[in-house]
Amino acid sequence: VTLVESGGGLVQPGGSLRLSCAASGFTFSRYAMSWYRQAPGKERELVAVISDAGGRTYYADSVKGRFTISRDNPKKTVYLQMNSLKPEDTAVYYCKTRITGLLPQDYWGQGTQVTVSS
């Protein structure tokens, strides 16, 4: 299982970014996908989740109405559209999946840095 995030960078407050996470090594369309973030000195927190077919989503209260999670199953990619960015959104963003089975296991990408600053 490999997850590779991209799309991070430096953006001014109020700006937008779209993160991508390209997946390989598993049947992408069978599993929910999540985005997490970790700011300096803070614990990693859940940002958004999307179901396997994309019909259900969940957002943390802190990003609800500003971020949108989506997926393209044929392309094996999950996205996080981030609008109206705030300095407090600055963090390393990670995508994650949990492969279920006898021993469920979480897989993480390497992360992509998002910095919101003027």
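Overview of the structure. Everything numeric here is computed off the predicted structure, so don't read it as measured data. (Residues numbered from 1 in each chain as written. Predicted model: local features only at pLDDT ≥ 70, side-chain atom pairs only at ≥ 80, totals over all residues. Heavy atoms only, no water.)

**Looking at the packing of aromatic side chains**
By the definition in use, this model includes four aromatic pairs. Look at F26 and F28: their rings are 6.2 Å apart centre to centre, the planes differ by 55°, and that puts the pair in the tilted class. Exposure remark for F26: the relative accessible area of 11% places this residue in the buried category. With relative accessibility at 2%, the residue F28 sits in the buried group. Considering the side-chain rings of Y94 and W108, the 6.3 Å spacing of their centres and the 90° angle between planes classify their relative orientation as edge-to-face. Here Y94 is found in strand β9 (residues 91–99), whereas its partner W108 is found in strand β10 (residues 105–108), with 14 residues between them in sequence. The exposure class of W108 is partly exposed, given its relative accessible area of 35%. One cation-aromatic arrangement involves R44 over Y94; the distance from NZ or CZ to the ring centre is 3.8 Å. The aromatic ring of F28 is capped on one face by R71, whose charged end is 4.3 Å from the ring centroid. (Phe/Tyr/Trp six-rings, centres within 6.5 Å; stacked < 30°, edge-to-face > 60°. Buried < 20%, exposed > 50% of the residue type's maximum accessible area, 1.4 Å probe, protein only. Helix = DSSP H or I, 4+ residues; strand = E, 2+ residues; numbered from the N terminus. Lys NZ or Arg CZ within 6 Å of the ring centre and 35° of its normal.)

**Some remarks on unusual backbone geometry**
Non-glycine residue K76 carries a positive phi angle of around 55°. As for its position among the elements, K76 is in the loop between β7 (67–72) and β8 (77–82). A residue is classified by how much of its surface remains accessible, and K76, at 38% relative accessible area, is partly exposed. In the Ramachandran plot, S84 falls in the positive-phi region, its phi being about 50° despite a non-glycine side chain. Turning to its location among the elements, S84 is positioned in the loop between β8 and β9.

**Regarding the state of the cysteines**
Under the counting rule described, the total for this entry stands at one disulfide. Two residues, C21 and C95, share a disulfide whose sulfurs are 1.9 Å apart. On the sign convention where negative is left-handed, the bridge of C21 and C95, at about 50° about the S-S bond, is right-handed. Separated by 74 residues along the polypeptide, C21 in strand β3 (residues 17–24) and C95 in strand β9 bring together distant segments of the chain. Both residues of the pair, C21 and C95, belong to the buried class. (Disulfide = S-S within 2.5 Å.)

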